[in-house]
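The primary structure of each chain is shown beneath.
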Amino acid sequence: MALIEELDQQGNFLFRWRSYIPGFILLLCLYSLSKFEFLDDSYETNLYYAGACFIVSLLGLAVRCFVIGYAPARTSGRNTKEQVADVVNQEGIYSLVRHPLYLGNFLMYLGPVLYFRDVPLLIVFALFFGFYYERIMFAEEKFLRDKFGQDYLNWADKIPAFIPKFSGYVKPKLGFSFRNILKREYPSLFGILVIFVVFDYAASFKVGFGDWKEPWAVITEPQIWAFGIGAAFYTIVRVIVKTTKWLVVEGR
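From a predicted model like this one, the values you see are computed outputs, not experimental measurements. (Residues numbered from 1 in each chain as written. Predicted model: local features only at pLDDT ≥ 70, side-chain atom pairs only at ≥ 80, totals over all residues. Heavy atoms only, no water.)

Caption draft 1: Just the overall build of the protein, in detail. Summing up its helical and strand segments, the protein has 8 helices and 0 strands in all. Beginning at the N terminus, the succession of helices and strands in the protein can be written as α-α-α-α-α-α-α-α. Relative to the compact-globule value of 18 Å for 252 residues, the protein shows a C-alpha radius of gyration of 20 Å, a close match. Taken along its principal axes, the extent of the C-alpha atoms in the protein is 60 × 45 × 35 Å. Counting all 252 residues of the protein, 42% fall into the buried class. Partitioning the contacts of the protein with sequence separation of at least 6, the portion at a separation of at least 24 is 83%. Only carbon and sulfur atoms are counted for the fraction: they give 66% of the accessible area of the protein, which is about 14,200 Å². Of the charged side chains in the protein, 26 are positive and 23 negative; the average position of the first set lies 9 Å away from that of the second. (Helix = DSSP H or I, 4+ residues; strand = E, 2+ residues; numbered from the N terminus. Rg over C-alpha atoms; globule rule 2.2 N^0.38 Å. Buried < 20%, exposed > 50% of the residue type's maximum accessible area, 1.4 Å probe, protein only. Contact = heavy atoms within 4.5 Å. Areas by Shrake-Rupley, 256 points an atom, 1.4 Å probe, with all protein chains shown as cover. Lys, Arg positive; Asp, Glu negative; His and termini not counted. Charge placed at Lys NZ, Arg CZ, Asp CG, Glu CD.)

See the structure below:
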């Protein structure tokens, strides 16, 4: 098999499993617990640092929301079975970068990685992410080039793949849809919250020498509030999505 076909095959395989395989990075993060200590030996100081890392993840989510808020139907989706695109997105954030969703994903995962203040972990994460998503982007771009031809190539010649430029923004023709964001990204927000709560609990257990017989003894009030609010938000939105059409937006 020629290398171009092999890369395309690998990219399409990873594309179908892209929602699960990056969990490998999160497992590596938990492995880093073996040498983890609270910043300045203070849970409170460490909590502020965790909040800063959480903001990095929220920035990634904000990038994804910016994409999805303007995205028309059958573009920028969560489909996993096959590549889907009715048009080449060239407006909004797509006038600055070709793969904004994956840029958002990078920042979302970067937050938990930074939490552990482990340089080797950060390097492994960057290398893994580059290898993993480079193949997905290759497969997506091959699909778009084969389907849209010169129209796609003209756009790709002007727009960087991953690191955005900061000029030449093209305002989208479609209006911004908060409902579309809520419908599609509520699991991402809850997922970020869960990851940070789990990491904070695991760190508290390790640093505080938690007793396996009483694992609840190191649960903190911030963890309870964060998980409780996140779970309530997730449950309410999921019920709305599954039982009503309130978040359905025509053409999205």
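There's plenty left to go through after this.
Caption draft 2: Summary view of the nonpolar core. Counting 50 residues, the largest nonpolar core has C29, F36, Y115, F116, F125, Y133 and I136 as its most contacted members. With 9 residues, the top contributor of residues to this core is helix α5 (residues 119-148). Beyond its immediate sequence surroundings of up to four residues, F116 is in contact with C29, S32, L33, F36, L121 and F199. (Core = buried A, V, L, I, M, F, W, Y, C linked by side-chain atoms within 4.5 Å.)

Caption draft 3: Structural context of the packing of aromatic side chains. Applying the stated criterion across every chain, the model contains 25 aromatic pairs. An aromatic cluster is present here, built from Y102, F106, F125, F128, F129, Y132, Y133 and F162 joined pairwise through their rings. Directly above the ring of Y49 sits R117, whose terminal nitrogen or CZ lies 5.9 Å from the centroid. (Phe/Tyr/Trp six-rings, centres within 6.5 Å; stacked < 30°, edge-to-face > 60°. Lys NZ or Arg CZ within 6 Å of the ring centre and 35° of its normal.)

Caption draft 4: The arrangement of the pattern of salt bridges in detail. Enumeration according to the criterion identifies 8 salt bridges in this entry. For R135, the salt bridge goes to E134, with nearest N and O atoms at 3.6 Å. Exposure remark for R135: the relative accessible area of 15% places this residue in the buried category. We classify E134 as partly exposed; its relative accessible area is 48%. When salt bridges that share partners are traced, they join K142, R145 and D146 into one network. (Salt bridge = Lys/Arg side-chain N within 4 Å of Asp/Glu carboxyl O.)

Caption draft 5: Region of the structure containing the UniProt feature "transmembrane region" (unreviewed entry) in the protein. In the numbering used here, UniProt assigns the feature "transmembrane region" (unreviewed entry) to residues 17-34, 46-71, 114-133, 186-204 and 224-241. Strand forms 0% of residues 186-204 and helix 100%; the C-alpha atoms that close the span are 27 Å apart. Taken end to end, residues 224-241 is 100% helix and 0% strand, and its two terminal C-alpha atoms sit 25 Å from one another. (UniProt positions renumbered as here; feature names shortened; annotations may be inferred.)

Caption draft 6: The side chain of N180, seen in detail. When you line up the elements, N180 lands in helix α7 (residues 178-207). Since its relative accessible area comes to 0%, N180 is described here as buried. Polar side-chain contacts of N180 include one of 3.0 Å to the backbone oxygen of I68. (Polar contact = N/O pair within 3.5 Å; in protein donor to acceptor, adjacent residues only side chain to side chain.)

Caption draft 7: Representation of the layout of surface pockets within the structure. Within this model, the second largest pocket holds a volume of roughly 210 Å³. If one sorts the elements of the lining of the second largest pocket by residue count, helix α3 (residues 43-70) sits on top with 5 residues. Grouping the constituent residues of the lining of the second largest pocket by class yields 9 nonpolar, 2 polar and 1 charged. (1 Å grid on protein atoms, 1.4 Å probe; cavity = no way out; pocket = protein on both sides within 12 Å on 5 of 7 lines; lining within 4 Å. Points joined across faces, edges and corners; volume = space filled by probe spheres on them. Nonpolar A, V, L, I, M, F, W, Y, C, P; charged D, E, K, R; others polar.)

Caption draft 8: Structural context of empty space enclosed by the protein. Applying the stated rule across the entire model yields 1 cavity of 30 Å³ or more. Roughly 30 Å³ of volume is contained in the largest cavity. Around the largest cavity, the lining residues are P22, I25, Y109, F125, F128, F129, Y132 and Y133. Residue classes in the lining of the largest cavity are distributed as 8 nonpolar, no polar and no charged.

Caption draft 9: Structural view of helix α8 (residues 221-243). With 23 residues, α8 extends 33 Å from end C-alpha to end C-alpha; this agrees with the ideal 33 Å at 1.5 Å per step. The inward-facing, buried residues of α8 abut α3 and α7. (Expected span 1.5 Å × (residues − 1).)

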